[in-house]
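Spelled out from the first residue to the last, the chains are:
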Number of protein chains: 2
Amino acid sequence: MRTRLTTERRRAQLLAIGAELFARRPYGQVSIDEVAQAAGISCGLLYHYFPSKQAFVAAVVEEEGAKLLGASTPDPADAPLRQIVAGLDVYIKQAESFPDGYRMAHYAVPTSGDLNSAHQTRITVQRDRILASLATATSLDGETEIAVTSWLAFVETAILDWVDNPTISREQLRDLCIRTLCAAVGLEADARAIKTVAR
Amino acid sequence: MRTRLTTERRRAQLLAIGAELFARRPYGQVSIDEVAQAAGISCGLLYHYFPSKQAFVAAVVEEEGAKLLGASTPDPADAPLRQIVAGLDVYIKQAESFPDGYRMAHYAVPTSGDLNSAHQTRITVQRDRILASLATATSLDGETEIAVTSWLAFVETAILDWVDNPTISREQLRDLCIRTLCAAVGLEADARAIKTVAR
């Protein structure tokens with residue numbers, strides 16, 4: 001039974017179905033047919049919204065990335081490092097709950113220039129957020145900026161590696177990331193106190 | 001004046017010319033014509049060795065990556081962290097001397113599946129080297145492995161960011177990377193002592 005939806009709603013429905021399917025299985029194993037079937041539409045109509053599987057995958061990743069970025073918005077009422085820990089937890093939990101979706105969003109999808117640039121934009125937003133959080137706790141300089149940008153790469157790799165080889169607990173992963181950030185931005189002395197606050 | 005070279009020598013000559021040209025200018029600005037001209041051969045002959053510019057770029061990056069990996073081979077006679085610092089210095093100096101070549105080797109070249117997998121292989125070699133260096137100084141576990149893999153991503157991003165925005169000195173960059181590693185693998189207490197040794 002097919003239902004007529006507005007363009008916008010249909011698009012949102014397809015993205016939600018994609019997110020659901022890609023989150024639990026490697027995206028290579030999910031066919032466009034399956035997505036269309038789940039939406040109760042023809043493949044032809046799906047291709048009307050997204051010209052290729054690759055374009056569809058890119059749109060799903062983009063949508064999910066934007067949601068995670070929203071969900072990890074820091075609360076300015078929190079202490080600086082607590083803001084950062086809260087954001088980190090959003091990503092760790094997402095990766096733990098939906099490992100395939102997380103891998104898809106972070107490993108390069110073949111020839112995905114658009115994906116990479118959207119990802120780069122989100123990294124910039126996260127970097128600026130973290131710098132804003134840190135600004136109230138430490139003085140920022142060129143080194144802090146390099147440290148935070150590099151730490152985001154650390155976290156991305158750490159979470160991906162952990163998803164593939166979950167040899168440590170979620171808490172250990174979080175502590176690893178946070179003590180690394182503290183060292184990188186020169187907050188060593190406060191690390192212990194902040195860890196307690198953050199838990 | 002054209003010289004006849006053996007296949008192997010011609011290939012090596014072309015890769016050396018590519019490394020030289022790409023190291024000093026963005027690779028988008030270096031044409032295959034220019035490479036052929038510098039080698040004193042026709043474009044046709046160059047395409048006989050490398051079917052496309054992309055294949056040529058991939059081969060140059062691969063060759064340079066292998067050289068850097070060789071140049072950064074740790075000396076087992078050195079103290080553990082000194083081994084790691086020495087390897088790090090090889091990459092930092094290379095990036096400082098040949099920023100465009102470094103960018104080319106580390107930013108994704110469009111649709112470069114081969115490049116990415118060669119890069120991934122080198123990362124694994126570096127990770128195993130660092131774990132071997134650390135094994136004599138600390139006990140290794142799953143967390144150390146995640147920490148080292150993630151730290152390599154930290155360093156890669158730090159050097160790239162620094163090449164684009166050299167707001168800190170080479171020594172500051174190195175200290176940033178090393179103190180971050182110490183925190184990540186739980187060598188905080190020794191960090192100060194090791195820093196002095198490493199200099």
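Computed from a predicted model, the values in this text were never measured in an experiment. (Residues numbered from 1 in each chain as written. Chains lettered and ligands numbered in written order. Predicted model: local features only at pLDDT ≥ 70, side-chain atom pairs only at ≥ 80, totals over all residues. Heavy atoms only, no water.)

1. Concerning the overall build of chain A
Line of reasoning, step 1. Helix and strand counts for chain A stand at 10 helices and 0 strands.
Line of reasoning, step 2. When the helices and strands of chain A are read in sequence order from the N terminus, they spell out α-α-α-α-α-α-α-α-α-α.
Line of reasoning, step 3. The proportion of buried residues among the 199 residues of chain A is 47%.
Line of reasoning, step 4. A sequence separation of at least 24 residues applies to 69% of the contacts in chain A between residues at least 6 apart.
Line of reasoning, step 5. Just so you have it, chain A exposes about 9800 Å², and 52% of that area is on carbon and sulfur atoms. (Helix = DSSP H or I, 4+ residues; strand = E, 2+ residues; numbered from the N terminus. Buried < 20%, exposed > 50% of the residue type's maximum accessible area, 1.4 Å probe, protein only. Contact = heavy atoms within 4.5 Å. Areas by Shrake-Rupley, 256 points an atom, 1.4 Å probe, with all protein chains shown as cover.)

2. Thoughts on the packing of aromatic side chains
Line of reasoning, step 1. According to the stated counting rule, one finds 4 aromatic pairs over all chains in the structure shown.
Line of reasoning, step 2. Judged by centre distance (5.9 Å) and plane angle (55°), the ring pair of phenylalanine 22 of chain A and phenylalanine 56 of chain A falls under tilted. Residue phenylalanine 22 of chain A is found in helix H1 (residues 7-24), and its partner phenylalanine 56 of chain A is found in helix H4 (residues 53-71); the two are separated by 34 residues along the sequence.
Line of reasoning, step 3. Given a relative accessible area of 1%, phenylalanine 22 of chain A falls into the buried group.
Line of reasoning, step 4. When the centroid spacing of 5.0 Å and the interplanar angle of 65° are considered together, the rings of phenylalanine 50 of chain B and phenylalanine 56 of chain B count as edge-to-face.
Line of reasoning, step 5. Counting every residue linked through ring pairs, the aromatic cluster contains Phe22, Phe50 and Phe56 of chain A. (Phe/Tyr/Trp six-rings, centres within 6.5 Å; stacked < 30°, edge-to-face > 60°.)

3. Quick look at the nonpolar core
Line of reasoning, step 1. Trp151 of chain A together with Trp151 of chain B are the most contacted members of the largest nonpolar core, which has 72 residues in total.
Line of reasoning, step 2. If sequence neighbours within four positions are ignored, tryptophan 151 of chain B has contacts with Phe154 of chain A together with Ile84, Ile130, Cys177, Ile178, Thr180 and Leu181 of chain B. (Core = buried A, V, L, I, M, F, W, Y, C linked by side-chain atoms within 4.5 Å.)

4. Topic: the pattern of salt bridges
Here the idea is simple: oppositely charged side chains can pair when their charged atoms come close.
Line of reasoning, step 1. Taken as a whole and judged by the stated rule, the model has 20 salt bridges over all chains.
Line of reasoning, step 2. For the salt bridge of lysine 67 of chain A with glutamate 64 of chain A, the shortest nitrogen-to-oxygen distance reads 3.3 Å. With lysine 67 of chain A and glutamate 64 of chain A both in helix H4, this residue pair falls 3 residues apart, about one helical turn.
Line of reasoning, step 3. Between arginine 174 of chain B and aspartate 89 of chain B there is a salt bridge; the shortest N-O distance is 2.7 Å. With arginine 174 of chain B in helix H9 (residues 170-185) and aspartate 89 of chain B in helix H5 (residues 80-97), this residue pair connects regions lying 85 residues apart in the sequence. The pair formed by arginine 174 of chain B and aspartate 89 of chain B is uniform in burial state, with each residue classed as buried.
Line of reasoning, step 4. Salt bridges sharing partners connect three or more residues here, namely Asp100, Arg103 and Asp164 of chain A. (Salt bridge = Lys/Arg side-chain N within 4 Å of Asp/Glu carboxyl O.)

5. Points about the environment of proline 80 of chain B
Residue and element names in this part refer to chain B.
Line of reasoning, step 1. Along the chain, proline 80 turns up in helix H5.
Line of reasoning, step 2. For the pair formed by proline 80 and threonine 136, sequence separation is 56 residues and the distance between their alpha carbons is 6.9 Å.
Line of reasoning, step 3. Residues contacting proline 80, with those up to four places away along its chain left out, are Ser133, Thr136 and Ala137.

6. Topic: the state of the cysteines
Line of reasoning, step 1. Applying the stated criterion across every chain, the model contains 0 disulfides over all chains.
Line of reasoning, step 2. Summary of cysteine pairing: cysteine 182 of chain B is not part of a disulfide, and the nearest cysteine sulfur, belonging to cysteine 177 of chain B, is at 11 Å. (Disulfide = S-S within 2.5 Å.)

7. Details of the relation of the copies chain B and chain A
Line of reasoning, step 1. After a rotation of 180° and a shift along the axis of 0.0 Å, chain B superposes on chain A with an RMSD of 0.0 Å. Viewed as a symmetry operation, the transformation between the two copies matches a two-fold axis. (Least-squares fit on C-alpha atoms with pLDDT ≥ 70 in both.)

8. Let's talk about the packing of helix H5 (residues 80-97) of chain A against helix H8 (residues 142-164) of chain A
Residues and elements named next belong to chain A.
Line of reasoning, step 1. Close contact between H5 and H8 brings their axes to 10 Å; oriented N to C, the two are set at 30°. Here H8 runs roughly parallel to H5, going by the angle between their axes. In the packing of H5 onto H8, the handedness of the crossing is right-handed. The segment H5 lies against H8, with Ile84, Leu88, Tyr91, Ile92, Ala95 and Glu96 engaging Trp151, Val155, Ile159, Trp162 and Val163.
Line of reasoning, step 2. Looking at the contact of H5 with H8, its residues break down into 10 nonpolar, no polar and 1 charged. (Axes fitted to C-alpha atoms, helices over the stretch in contact; angles between N-to-C directions. Parallel < 35°, antiparallel > 145°, perpendicular 65-115°, else oblique. Left-handed = near helix turned anticlockwise from the far one by under 90°. Nonpolar A, V, L, I, M, F, W, Y, C, P; charged D, E, K, R; others polar.)

9. Things to note about the side chain of serine 133 of chain B
Line of reasoning, step 1. Tracing the backbone shows serine 133 of chain B in helix H7 (residues 113-135).
Line of reasoning, step 2. The residues touching serine 133 of chain B, leaving out its near neighbours within four places in the chain, are Pro74, Pro80, Gln83 and Ile84 of chain B.

10. A short note on the packing of H1 of chain A against helix H6 (residues 99-106) of chain A
Residue and element names in this part refer to chain A.
Line of reasoning, step 1. Relative to each other, H1 and H6 sit at 100°, their axes nearing to 5 Å. On the basis of their axis angle, the class for H1 and H6 is roughly perpendicular. The segment H1 lies against H6, with Phe22, Ala23 and Arg24 engaging Pro99, Asp100, Gly101 and Met104.
Line of reasoning, step 2. A breakdown of the residues in the contact of H1 with H6 according to their chemical character gives 4 nonpolar, 1 polar and 2 charged.

11. Re the interface of chain B and chain A
Line of reasoning, step 1. With 26 residues of chain B at the interface, the matching set in chain A holds 26 residues.
Line of reasoning, step 2. With both sides pooled, the region where chain B packs onto chain A buries about 2100 Å², and carbon together with sulfur makes up 66% of that total.
Line of reasoning, step 3. For the chain B face of the interface with chain A, the top three residues by lost area are Glu143, Ile146 and Arg179 of chain B, together amounting to 28%.
Line of reasoning, step 4. The interface formed by chain B and chain A contains 2 salt bridges. (Buried area = accessible area lost by both parts, 1.4 Å probe.)

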